[in-house]
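Structural overview
One-letter residues, chain by chain:
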Amino acid sequence: MERHINFSDVEAVVKKIYEKYKDFEVEGAVDSRLQGVDPSKFGIVVKLTDGRVIRVGDTDALSPLGAIARIPLFVTHRVQKLDKDNKCHCDKHAIKQPQCCKPKGLPVSAEAVLLTSKIQPKGDADGKYGVIEDMTEAMIGSAPVFDDELYKTMAKANVHDDVENKFAEAGFELYDDAPVAIDVYTRLTALRATVDQLATMGATLAADGRNPETGEYAFDGSISPKVVAYMAVKGPHHLSKPWLIKSGLPAKSSFGGAIMGVFPGVMSIAAYSPLVNPDGVSVKAYKAIHHIMKHLELSVFDSAQIVID
């Protein structure tokens with residue numbers, strides 16, 4: 001069963017939602033790690049797998065990738081076919097917990113650091129970072145911008161919170177030296193991309209690895225379903241209602257204020273506003289994407305195949 005939607009209708013809805021929330025006052029604040037950010041910035045980009053695009057607002061505004069960096073990281077992991085079992089397992093239902101458990105309360109994700117540690121080459125921070133950065137560029141269609149000041153701020157937080165030692169104390173074994181894996185992932189999260197670039201990343205996933213801007217394949221299409229499933233499971237959390245149920249769109253968010261969602265085979269929606277709630281999720285971006293999906297009556301869980309004419 002197919003359901004056809006006119007491109008002009010999608011465009012009208014995106015513009016309507018942008019106008020609705022452009023001057024909408026929301027509770028939230030710019031993340032304290034960021035400097036010189038204009039809190040009034042707001043932009044939305046919808047990019048189809050065939051390259052058609054809808055841009056409204058501040059679509060050239062740069063946002064740090066934050067947790068969105070895990071998407072090209074996960075893709076790189078799949079490209080290198082690094083399906084290794086974790087060296088460390090925790091049984092939450094065990095009467096006595098094993099000594100080997102993920103460290104908690106860190107400024108970096110233990111899971112993301114573990115994934116980073118698996119990427120080749122081993123023991124070479126610059127080489128490992130370069131491989132993942134190249135994948136990021138292939139997915140967004142142009143080079144991201146490295147925020148050196150943000151990187152230094154986050155690296156300083158890693159030292160303050162004794163991240164390296166906490167990994168060791170938890171018995172959480174990595175596949176590379178902890179300083180290498182932690183530093184590389186921190187660098188990745190400090191990369192900045194525009195709303196338009198993030199929408200291109202999402203559209204590349206939606207198009208089974210083919211970048212709609214460049215026409216080049218960033219990765220094999222068989223990887224896309226696994227990455228989108230990862231996004232669905234690891235999407236924005238700690239919201240009043242579960243993101244996936246409310247929006248019907250697998251997505252990842254950044255503490256910088258961006259959210260990027262993927263509708264496989266159809267399109268990507270990216271939105272940005274630097275005002276984030278206490279959980280680090282952009283309030284305006286959340287509302288914008290949710291209401292675009294709602295107005296168009298879209299959900300990745302619907303049985304109908306969506307065709308945008």
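Residues numbered from 1 in each chain as written. Predicted model: local features only at pLDDT ≥ 70, side-chain atom pairs only at ≥ 80, totals over all residues. Heavy atoms only, no water.

This brings us to the sheet that holds strand β3 (residues 53-57). Note: strands within a sheet are paired through backbone hydrogen bonds, in either parallel or antiparallel orientation. Read from one edge to the other, the open sheet built from 5 strands follows the order β3-β2-β9-β8-β7, with strand pairing classed as antiparallel. Looking at strand neighbours, the two that pair on one side only are β3 and β7 (251-253), the edges of this open sheet. Averaged over all pairs of adjacent strands, the angle between their axes in this sheet comes to 10 degrees, without regard to strand direction. Inspection of the sheet shows strand β2 (residues 43-48) paired to strand β9 (residues 267-272) by 6 bridges, in the antiparallel sense. Bridging from a neighbouring strand, glycine 43 pairs with tyrosine 272 of β9. Contacts from helix α1 (residues 7-22) reach β2 and β3 within the one sheet, and its direction differs from that of β3 by about 15 degrees. (Pairing = 2+ DSSP bridges. Helix = DSSP H or I, 4+ residues; strand = E, 2+ residues; numbered from the N terminus. Axes fitted to C-alpha atoms, helices over the stretch in contact; angles between N-to-C directions. Contact = heavy atoms within 4.5 Å.)

This part covers the sheet that holds strand β5 (residues 145-146). If you walk across this open sheet you meet the 3 strands as β4-β6-β5, and the pairing is antiparallel. Looking at which strands have only one partner, the edges of the open sheet turn out to be β4 (62-64) and β5. Across 3 bridges, β4 lies against strand β6 (residues 191-194) in antiparallel orientation. In the sheet register, proline 64 faces β6, and the bridge partner there is arginine 192.

Burial along strand β10 (residues 305-308) is one-sided: the face carrying Ile306 and Ile308 is buried and the face carrying Gln305 and Val307 is not. In this structure, strand β1 (residues 2-5) lies alongside β10, joined through 4 bridges in parallel fashion. Among the inter-strand pairings, isoleucine 5 is bridged to a residue of β10, identified as isoleucine 308. (Buried < 20%, exposed > 50% of the residue type's maximum accessible area, 1.4 Å probe, protein only.)

Two numbers describe how helix α2 (residues 70-79) lies on helix α4 (residues 125-140): the axes approach to 9 Å, and their chain directions differ by 110 degrees. Regarding the angle of α2 to α4, the classification is roughly perpendicular. Contact residues: α2 offers Ile71, Pro72, Leu73, Val75, Thr76 and Val79, while α4 offers Val131, Ile132, Met135, Thr136 and Met139. Across the contact of α2 with α4, the residue classes tally to 9 nonpolar, 2 polar and no charged. (Parallel < 35°, antiparallel > 145°, perpendicular 65-115°, else oblique. Nonpolar A, V, L, I, M, F, W, Y, C, P; charged D, E, K, R; others polar.)

That bond from glutamine 120 to proline 121 is cis: its omega, 10 degrees, falls within 30 degrees of zero. Notably, aspartate 162 is not glycine yet its phi reads approximately 55 degrees, a positive angle. Located in the positive-phi region is glutamate 297, a residue other than glycine, with phi close to 55 degrees. Inspection of the secondary structure puts glutamate 297 in the loop between α11 (283-295) and β10. Accessibility expressed as a relative area gives 58% for glutamate 297, which makes it exposed.

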